[in-house]
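# Chain and residue survey
Read off the chains here:
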Amino acid sequence: MAERDEDWLRQCVIDAALDLAYTGLSPQMSGNVSARCEGGFLVTPSGVAYTDLVPDDLVKLDLEGNLLDGQLPPSSEWQMHTGIYRERDDVGGIVHAHSDYAVSLAVMHKDIPAFHYMVAVAGGRDIRCAPYATFGTAALADHALSALEGRKACLLAHHGQIALGETVEDALHLAHEVETLSGQYWRALQIGDPPLLSDEEMAVNVEKFRTYGRRS
Ligand SMILES: [Zn+2]
């Protein structure tokens, strides 16, 4: 990958991090963003406000988690990013956020079931909630990988959400979608126990998103 391509990727990560800050999708310094690059991935550093980030602040790690480039410590969730890039060839970008409604459902250990056809945009009939593990641990990374099996997003119990994409822009778009669905499901739960779409209907929706579901 040419140097210019890595510069471009660095700017894509910064743009997504700024989006988290300006839209409020992940409050304060919570969450993190990464993009796959030649030899590994670029991830936001730990402890720097998104609005203060510049492209050179990003940390470059290989797929074993070894430091390749950067002056700052990587995001505390670097193991989650490393595990996903190592196991999932389909992933080129990752957004992790502590968005309000996703957190509200994750606190209650709730999966997002097939209450709306858009749940299929995450790749399956539901969006799972991974069991709790301490932040920044290999155990949390393992739980997330399991919950993401056959999916592009999951909730993390008592923590937040994680969204994957072919690009970091796709991952950011999905993270917003997960937050929208979480809010809609939360509202429906205030009225009662929402009826769900059948597995057959969700399989149709998953296939439609798989074949022409990219955002316009
Ligand atoms: Zn987090």
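Here the structure is a predicted model, which means the values were calculated and not measured. (Residues numbered from 1 in each chain as written. Predicted model: local features only at pLDDT ≥ 70, side-chain atom pairs only at ≥ 80, totals over all residues. Heavy atoms only, no water.)

## Remarks on the layout of surface pockets
- There is about 200 Å³ of room inside the second largest pocket.
- Lining the second largest pocket are 17 residues, and of these Met29, Gly31, Asn32, Ser75 and Ser76 sit closest to its centre.
- Here the residues of the lining of the second largest pocket sort into five nonpolar, 11 polar and one charged. (1 Å grid on protein atoms, 1.4 Å probe; cavity = no way out; pocket = protein on both sides within 12 Å on 5 of 7 lines; lining within 4 Å. Points joined across faces, edges and corners; volume = space filled by probe spheres on them. Nonpolar A, V, L, I, M, F, W, Y, C, P; charged D, E, K, R; others polar.)

## Structural notes on the nonpolar core
- Core analysis: the largest hydrophobic core is formed by 44 residues, its most contacted members being Leu20, Val33, Val95 and Leu155.
- Secondary structure elements with two or more residues in this core: α1 (3–23), β1 (32–37), β5 (93–97), α3 (100–107), β7 (153–156) and α5 (168–191).
- When residues of this core are assigned to their parent elements, the largest contribution, eight residues, is made by α5.
- Among all residues touching Val95, those that are not within four sequence positions of it are Leu20, Asn32, Val33, Gln161, Ile162, Ala163, Val168, Ala171, Leu172 and Ala175.
- Ala130, Leu140, Ala147 and Leu148 belong to the second-largest nonpolar core, a separate cluster that totals 20 residues. (Core = buried A, V, L, I, M, F, W, Y, C linked by side-chain atoms within 4.5 Å. Buried < 20%, exposed > 50% of the residue type's maximum accessible area, 1.4 Å probe, protein only. Helix = DSSP H or I, 4+ residues; strand = E, 2+ residues; numbered from the N terminus. Contact = heavy atoms within 4.5 Å.)

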